[in-house]
Every structure is written in structure tokens, then in C-alpha cells.
Amino acid sequence: MDIILKILQVILALSVLILVHELGHFTMAKIFRIRVEKFYLFFDAGFAIFKFKPKHSDTEYGLGWLPLGGYCKIAGMIDESMDTGHLKQEPQPWEFRSRPAWQRFLVMSGGVLFNFIFAIILYIGILAGWGESYISNEDNNIYVNELAYEMGFRTGDRILMFDDYVPDNFAMLQADLARRSVQKATVLRDGDTLDIYIDQRMISDVLNTPGMFGLAIPFVIDTIPPESPNSGSGLKRGDRIISIAGSPIRYVQESRLILKDYASSEVPVEVTRDGDTIDMTMQVDSTGLFGIYTQFPGLTSRKYSIAEAIPAGFRLAFSTIGGYVQDLRLVFTPSTEAYKSVGSFISIGQIFPATWDWYRFINILALLSVMLGVMNLLPIPALDGGHIVFTLYEMVTRKKPSDRFLIGAQIVGMILLFGLMLLAFGNDIGKLMR
């Protein structure tokens, strides 16, 4: 059932984004009175599940059977359909090829523009409806995995700077480290400030090893549920566990390996309260836990009015666009091996929750809209970016590329995209097998 829900969310999200993207091309074409012959969700490839053509309209609308995208077929344009029949006839006034370069530029930019506008609207809605919550980096410490330890970080470090950049969002520390190609990390360790110099050869490991910087959670008691095996132990809110079975404990994560050996039994602990140290005995349940809730440090929350959400939504959208551009730069830098993280529909499906959650769905939808917009700006002939580059070349040089060149470029672009799809599916299949 979980898989079915994830698949349905992927289909719904991609359908919405495809419609928004193609609506951008459609709207711009209609503004300049360029004929749109077809407007389809999914590819029909021989036959359509559903189609209709309104009276007095030049456009056929439909639903294809192949859920790998969608398209807006604009008259007189060489696109992925590779329909070149119109080239045998004289250009018509309503065709794409008959219009000046600046109009064609806007038509080809329409899809990306609408994706970005859609993301901005979604982010404004998220901030106005739910506000913003994130874990602040300012007063929190890291809990490291093996890779972070190898790079020189230690559990309990507080990251102050990456080069000259002061990170704010704790959850973005690993992404910031990779995206910014950080040379030096400045950390606070045991009251002293020290620099950690980053080996750039390890950036590929950073990109492909999740969980470098966990949030080091102090073992400070928040609440004890009535059903907890320690509900009558005498623990109070604010107590801090500093030792379990004689082993010093700074953070919750350090307790897990110890408690695993005491499942369904009692264990001696040391607790600090108001400056005093208290010896206690606590019960460990069958899963190796105390059954208590600890205080969660450094959660920053902010509510927005609609007026405040509008500029904040723009900032969040542009920040997300900038971050994804940095991700693509890494993908196209072979030494980082970021290409190993390129994923297909399988990877997209994995980021959706197993239960319906409007907040997470809309967040993912906004992110995917940004990703689709940025991806389409790549200067690959089969993508909008390729058409935009050719149009800009024409606007600068006053020379229009020949139809023969455009057809060849389109074929090359399709081959490149097919190769990218194979890479993405290969990466996902390899991850599943591992």
C-alpha cells in the first residue's frame, strides 16, 4: 500500500508540473498568435487515451498513454516529435518559424518561467499556511559518521564557518560543504576554535554518503509518558543523564549501543539535577530504550502573514534555484562523482512520504518545479535551453541556424537525454541491488 501511494504521488506531482511547464509554452505562443497544434499530458505515441478539439480551435487537447512527460506541439517548430513535414512548405504567418527571434525566445522560455513562478506561488503558500521551521546551526553540535570523522570532524563539534560562509540551517550542513567546495571548516571544540582543511578528493564521498552530520542531542529529559517503564523512576523534566552503566554519555546517540545490551532489564545511571549528581536505576524496555522523550535543541520557527510570505517566498524560491544550480555544477564535474547520485522516477518516488501529507507534498512539488525549470535550461538541443541558445545566437549574430542544423542538433540532444535517462535508471537499479 505504501508503494502504491508513493507511485500515485509521483504521477500526480509530475502531471501537475508537466501541465504547468507546457502551459508556459502554450500561453506565450497564444500571446503572439502562434498556432498550437497539440497540447498533451503524457505522450500519445500512436494513440491517445482521450482527446478532443474544441469548435473554432486550432489545438487538439489530449491524454497520452505513455507517462514519461507531455508536450505542446507548436506549428512550424522543430521539436522532439521530429515532425519535419512543414519544412516542405512555405512558412505561414501563424508558424513559430515565421516569428521574430525575440518572440521565439519568449515562447521557448515560457515553460521554465512558469515552473519558477509556480514554485514561488507554492513557497508563498507554504510560508503563509505553515510558516517556517528549521534546526538552527547556531547553538547545536554535530554527531559524526565515519566519513566526517575521517575528514577531521568530531562528535560534539560546533561548525562555525565554511570558509567565509556562516551556515544557518543545520540540516543543510552537508549540502553546503559539497556545494560550496569548502576548503576550510572552522569549528568550536571543547571551548577552542580550530580549522579543519577539507581534502577536495573526498567531495565525491560527501555527495554519496548521507548522514555526515547528525544532530548531537543532549540526553536532557523533556517528558515521561505514563506508559513508560520509567514513569515512576523519580526523573524530572530538565534532568540530564551523564552516565549509563558506568560509561559517560554526552548525547542520546551514544546511549543506543549500551542500552541494546540491557534490553528488558535494569541499568544504573547517573543524572545531574540543579548542579547535583544523582545515582538512579532505570528500566530498559524490550527494544533497548528508556521510553522517555528528550528535549530537542535549536528548533527555529517563524509564522508569516500573507504580506510577509510574498517576499519570503521569492527569497526561498531563488535560494532553492541557486542551490540546485550548484548541484548541477557538481554533477558535471567528473572528479566529484556527483553523477552517481543522479536518479530517475525511482529516486523521486523515494522522497515522497508513505502517508499523505499536504505540507510535505507541496514542499516536494515546489522543489521538483525548480528542478524541472533548471534542468530545462541546460543547453541541450532537445531541451528548452538548447532552443534558447540557438535563438540567442540568432539575436546576436542576425544569422538564423539552418533547418538541417536544427534537425541534426535535435537528434544529438535526444541521444544525450536518452543517455542521461539510462544513467539515472542505472544508478537507481544499482542502489536497489545494493
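- You'll find the chain entered in an unreviewed UniProt entry as Zinc metalloprotease, with Candidatus Cryptobacteroides excrementavium given as the organism.
- Regarding the chain, the relevant UniProt record gives this comment under Cofactor (unreviewed entry): "Zn(2+)".

A short note on the packing of aromatic side chains
Aromatic ring pairs are described here by two measures, namely the spacing of the ring centres and the angle between the planes.
And then number 1: Evaluated as defined, the whole model comprises 17 aromatic pairs.
And then number 2: The interplanar angle of 35 degrees and the centroid separation of 4.8 Å between the aromatic rings of Trp356 and Phe361 together place this pair among those described as tilted.
And then number 3: A residue is classified by how much of its surface remains accessible, and Trp356, at 37% relative accessible area, is partly exposed.
And then number 4: The exposure class assigned to Phe361 is buried, which follows from its relative accessible area of 4%.
And then number 5: Arranged with centres 6.2 Å apart and planes meeting at 90 degrees, the rings of Trp358 and Phe361 form a pair that is edge-to-face. Note that Trp358 and Phe361 are positioned in helix α9 (residues 358-375) at a spacing of 3 residues, about one turn of the helix.
And then number 6: These aromatic residues form a ring-pair network of at least three members: Phe26, Phe39, Phe50, Phe52 and Tyr61.
And then number 7: We note Lys38 situated over the ring of Tyr40; from NZ or CZ to the ring centre the distance is 5.5 Å.
And then number 8: Above the face of the Tyr149 ring, Arg154 is positioned so that its terminal group lies 3.6 Å from the ring centre.

A short note on the nonpolar core
And then number 1: With 44 residues, the main nonpolar core has Phe153, Ile241, Ile244 and Phe290 as its most contacted residues.
And then number 2: Sequence-distant contacts of Phe153, defined by excluding residues within four places in its chain, comprise Ile142, Val144, Ala148, Ile159, Ala185, Val187, Arg189, Ile196, Ile198 and Phe213.
And then number 3: Counting residues in hydrophobic clusters, the runner-up holds 37 residues, among them Leu127, Ala309, Leu368 and Leu378.

A word on helix α7 (residues 306-331)
And then number 1: Its 26 residues give α7 an end-to-end C-alpha distance of 37 Å, which sits within 8% of 38 Å, the value for a rise of 1.5 Å per residue.
And then number 2: Of the residues making up α7, those classed as buried are Ala309, Ala312, Gly313, Ala317, Thr320, Ile321, Gly323, Tyr324, Leu328 and Leu330.
And then number 3: Contacts from the buried residues of α7 go to α2 (101-129), α4 (173-179), α5 (203-208) and α9.

Some words on the UniProt feature "transmembrane region" (unreviewed entry) in the chain
And then number 1: Under the UniProt annotation, the feature "transmembrane region" (unreviewed entry) is placed at residues 6-28, 105-130, 358-378 and 405-425.
And then number 2: Secondary structure content for residues 6-28 is 100% helix and 0% strand, while the C-alpha to C-alpha distance between its ends is 33 Å.
And then number 3: Across residues 105-130 one finds 96% helix and 0% strand; the C-alpha atoms that close the span lie 37 Å apart.

Re the layout of surface pockets
And then number 1: Empty space within the second largest pocket amounts to approximately 250 Å³.
And then number 2: Lining the second largest pocket are 13 residues, with Val252, Leu289, Phe290, Gly291 and Ile292 positioned closest to its centre.
And then number 3: At the level of secondary structure, the elements contributing two or more residues to the lining of the second largest pocket comprise α6 (252-260) and β14 (293-294).
And then number 4: For the lining of the second largest pocket, the leading source of residues is α6, giving 4 residues.
And then number 5: The residue inventory of the lining of the second largest pocket, partitioned by class, reads 9 nonpolar, 3 polar and 1 charged.

A closer look at the UniProt feature "domain: PDZ" (unreviewed entry) in the chain
And then number 1: The UniProt feature table records "domain: PDZ" (unreviewed entry) at residues 202-286.
And then number 2: When the span residues 202-286 is considered, its composition is 18% helix and 34% strand, and the gap between its end C-alpha atoms is 40 Å.

What about the sheet that holds strand β13 (residues 276-283)?
And then number 1: Spatial strand order, β11-β10-β12-β13: 4 strands in an open sheet with antiparallel pairing. Two strands in the sheet have a free side with no partner beyond their single neighbour: β11 (247-248) and β13.
And then number 2: Two strands pair when backbone bridges link them, and strand β12 (residues 266-273) and β13 are joined in this way by 8 bridges, in the antiparallel orientation. Residue Glu270 lies in a different strand from β13, and its bridge partner there is Asp279.

How each quantity is defined
Residues numbered from 1 in each chain as written. Predicted model: local features only at pLDDT ≥ 70, side-chain atom pairs only at ≥ 80, totals over all residues. Heavy atoms only, no water. UniProt positions renumbered as here; feature names shortened; annotations may be inferred. Phe/Tyr/Trp six-rings, centres within 6.5 Å; stacked < 30°, edge-to-face > 60°. Buried < 20%, exposed > 50% of the residue type's maximum accessible area, 1.4 Å probe, protein only. Helix = DSSP H or I, 4+ residues; strand = E, 2+ residues; numbered from the N terminus. Lys NZ or Arg CZ within 6 Å of the ring centre and 35° of its normal. Core = buried A, V, L, I, M, F, W, Y, C linked by side-chain atoms within 4.5 Å. Contact = heavy atoms within 4.5 Å. Expected span 1.5 Å × (residues − 1). 1 Å grid on protein atoms, 1.4 Å probe; cavity = no way out; pocket = protein on both sides within 12 Å on 5 of 7 lines; lining within 4 Å. Points joined across faces, edges and corners; volume = space filled by probe spheres on them. Nonpolar A, V, L, I, M, F, W, Y, C, P; charged D, E, K, R; others polar. Pairing = 2+ DSSP bridges.

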